[in-house]
Amino acid sequence: MKFNWIFKEGKEEQLKRFCVDLEYSLRPKITRFLLERVENECNGDFSNFHFDVNMISKRITLSDKTPAKYLRLIEADFDVEISHNCC
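Residues numbered from 1 in each chain as written. Predicted model: local features only at pLDDT ≥ 70, side-chain atom pairs only at ≥ 80, totals over all residues. Heavy atoms only, no water.

### So, the pattern of salt bridges
Enumeration over the complete set of coordinates arrives at 5 salt bridges. Here R27 and E23 are joined by a salt bridge, their closest N and O atoms 2.8 Å apart. Here E23 and R27 lie together in helix α1 (residues 13–42), a separation of 4 residues that amounts to about one turn. According to the relative accessible area criterion, R27 is partly exposed, its value standing at 29%. One salt bridge connects R59 with D79, and the closest N-O pair in it is separated by 2.6 Å. With R59 in strand β3 (residues 59–62) and D79 in helix α2 (residues 68–81), this residue pair connects regions lying 20 residues apart in the sequence. Judged by relative accessible area, which is 29%, R59 ranks as partly exposed. Residues joined in a network through salt bridges with shared partners are E36, R37, D77 and E81. (Salt bridge = Lys/Arg side-chain N within 4 Å of Asp/Glu carboxyl O. Helix = DSSP H or I, 4+ residues; strand = E, 2+ residues; numbered from the N terminus. Buried < 20%, exposed > 50% of the residue type's maximum accessible area, 1.4 Å probe, protein only.)

This is the structure we're talking about:
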């Protein structure tokens with residue numbers, strides 16, 4: 001599972017710390033979400049899942065780097081359960 005952080009220019013140390021804390025809170029939530037939906041399809045290996053965390057819009061989205069076969073399985077539920085409740 002990989003996170004791509006999207007910032008405005010001029011990242012500040014306080015913002016970096018916030019992102020670390022946010023990632024630690026997102027990982028268990030996203031892991032549970034993936035376990036419930038795609039654990040069998042990917043044998044519990046979530047390394048192919050990529051997420052964009054946009055600190056400007058305060059949303060987390062599925063990255064295009066995530067294989068399409070997994071995107072199709074989770075995109076509708078992800079938007080409702082994770083993306084809108086992100087930041």
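### Thoughts on the nonpolar core
Residues F3, I30, L34, F49, F51 and I60 are the most contacted members of the largest nonpolar core, which totals 24 residues. Broken down by secondary-structure element, the contributors of at least two residues to this core are β1 (2–6), α1, β2 (50–54), β3 and α2. Once you skip the residues sitting within four places of it in the chain, L34 turns out to touch M1, E39, F46, F49, F51 and I74. (Core = buried A, V, L, I, M, F, W, Y, C linked by side-chain atoms within 4.5 Å. Contact = heavy atoms within 4.5 Å.)

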